[in-house]
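Residue strings, one per chain:
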Amino acid sequence: MTGRFRLVALAPDHDRAAFDCGSDPLDKYLREQASQDMRRRTSVCYVAIDEATNAIAGYYTLAASSVPLTDLSEAMAKKLPRYPLVPVARVGRLAVSVAFQKRQLGAALLWDAGLRAMQSGMGVFALVVDAKDKTAASFYKHHGFVSFSSNPLAYVLPIATLAKTK
Ligand SMILES: CC(C)(COP(=O)(O)OP(=O)(O)OC[C@H]1O[C@@H](n2cnc3c(N)ncnc32)[C@H](O)[C@@H]1OP(=O)(O)O)[C@@H](O)C(=O)NCCC(=O)NCCS
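Residues numbered from 1 in each chain as written. Predicted model: local features only at pLDDT ≥ 70, side-chain atom pairs only at ≥ 80, totals over all residues. Heavy atoms only, no water.

## Considering the overall build of the chain
What the chain contains, in helices and strands, is five helices and seven strands. Along the chain, helices (α) and strands (β) appear in the sequence β-α-β-β-α-β-α-β-α-β-β-α when read from the amino end. For 166 residues, the compact-globule formula gives about 15 Å, and the C-alpha radius of gyration of the chain, at 16 Å, lands near that figure. Dimensions of the chain, computed from the C-alpha atoms along their principal axes, are close to 50 × 30 × 25 Å. Here the chain holds 166 residues, and the buried ones make up 42% of them. Once local pairs closer than 6 in sequence are excluded, the contacts in the chain between residues at least 24 apart make up 62%. Working note: accessible area of the chain is about 9400 Å², and carbon and sulfur atoms make up 53% of it. Taking the 21 positively charged and 14 negatively charged side chains of the chain as two groups, their mean positions are separated by 6 Å. (Helix = DSSP H or I, 4+ residues; strand = E, 2+ residues; numbered from the N terminus. Rg over C-alpha atoms; globule rule 2.2 N^0.38 Å. Buried < 20%, exposed > 50% of the residue type's maximum accessible area, 1.4 Å probe, protein only. Contact = heavy atoms within 4.5 Å. Areas by Shrake-Rupley, 256 points an atom, 1.4 Å probe, with all protein chains shown as cover. Lys, Arg positive; Asp, Glu negative; His and termini not counted. Charge placed at Lys NZ, Arg CZ, Asp CG, Glu CD.)

Here is the structure:
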């Protein structure tokens, strides 16, 4: 990654209005909804702050979640206990500002999410994401996520697999 970034939880003094990732719903979420979700403790929004300008260069949200064991592939499910629900961490949204794209920041945000899930002190089997479209899905596939469940845009990456890639 070129440039220097600080990865921290979203705070009131961060300039959310200037963020532009090329997707209106993702820009709007950061502007209007992210802080509220944090106050309600339904997800935490982490931002990458460009050290040079203090601009928000990218963000992702992370929340505890679970998926039905029966939604996972047989290969994944057979290594797990037969409880109906499997604990996961959900990356609800992830976006990089147009000005900072193609500089490995998206990959760094994904890795940071995995690291936080690993270090959470709770049992977390995998990261899951709901890709918003085919382009987003191809980004997640590029990073080793595989499709699961009947939703074609739902992707999963076991934490153990992520840990082996670094
Ligand atoms: C998708 C997005 C997060 C990628 O961020 P980025 O910082 O430009 O991507 P990176 O520079 O970190 O790319 C890392 C790697 O992923 C690859 N990659 C990036 N976007 C990709 C895509 N859409 N499909 C396949 N691979 C992709 C890069 O080629 C790079 O590969 P390499 O490590 O082998 O060189 C960014 O383009 C974005 O925010 N887009 C708009 C919002 C969006 O679609 N969010 C998706 C979540 S719903």
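Now that the structure has been shown, we can carry on.
## Overview of the packing of aromatic side chains
The full count for this structure, using the stated rule, is six aromatic pairs. Between Tyr29 and Tyr59, the aromatic rings sit 6.4 Å apart at their centres with planes inclined by 20°, giving stacked as the arrangement. Of the two residues, Tyr29 is situated in helix α1 (residues 24–39) and Tyr59 in strand β3 (residues 56–68); the sequence distance between them amounts to 30 residues. When the ring of Tyr140 is compared with that of Phe145, the centres are 5.4 Å apart and the planes differ by 65°; the resulting orientation is edge-to-face. A single burial state applies to Tyr140 and to Phe145, both of which are buried. Feature note: the residues Phe19, Tyr29 and Tyr59 constitute an aromatic cluster, connected by ring pairs. (Phe/Tyr/Trp six-rings, centres within 6.5 Å; stacked < 30°, edge-to-face > 60°.)

## Section: the pattern of salt bridges
When charged atoms on two side chains of opposite charge get close, those side chains can pair. Per the stated rule, a full pass over the model turns up five salt bridges. A salt bridge links Glu51 to Arg6; the shortest N-O distance between them is 3.0 Å. With a gap of 45 residues between them, Glu51 in the loop between β2 (44–50) and β3 and Arg6 in strand β1 (residues 5–9) connect regions that are remote in the sequence. Accessibility expressed as a relative area gives 38% for Glu51, which makes it partly exposed. Here Asp112 ties to Arg116 by a salt bridge, and the two come within 2.9 Å at their closest N and O atoms. Of this pair, Asp112 and Arg116 both sit in helix α3 (residues 105–118), four residues apart, which is roughly one turn of the helix. On the basis of relative accessibility, which here comes to 12%, the residue Asp112 falls in the buried class. (Salt bridge = Lys/Arg side-chain N within 4 Å of Asp/Glu carboxyl O.)

## Concerning the nonpolar core
Nonpolar side chains in soluble globular proteins generally cluster together in the buried interior. One finds Tyr60, Leu62, Val91, Leu105, Leu127, Tyr140 and Phe145 to be the most contacted residues of the largest nonpolar core, which totals 29 residues. Listing elements by their share of this core, those giving two or more residues are β2, β3, β4 (85–96), α3, β5 (126–130), α4 (134–142), β7 (154–158) and α5 (159–165). (Core = buried A, V, L, I, M, F, W, Y, C linked by side-chain atoms within 4.5 Å.)

## Some thoughts on the site of the ligand
Inspection of the region around the ligand gives 20 residues, with Val96, Lys102, Gln104, Gly106 and Ser138 positioned closest. In the model, an oxygen atom of the ligand is placed 2.8 Å from a nitrogen or oxygen of the Ala107 main chain. Within the contact set of the ligand, a nitrogen atom lies 3.3 Å away from a backbone nitrogen or oxygen of Phe139. Among the elements of the structure, β4, α3 and α4 are those that each provide at least two residues to the shell around the ligand. Ranked by residues supplied to the shell around the ligand, first place goes to α4 with six residues. (Near = heavy atom within 4 Å. Polar contact = N/O pair within 3.5 Å; in protein donor to acceptor, adjacent residues only side chain to side chain.)

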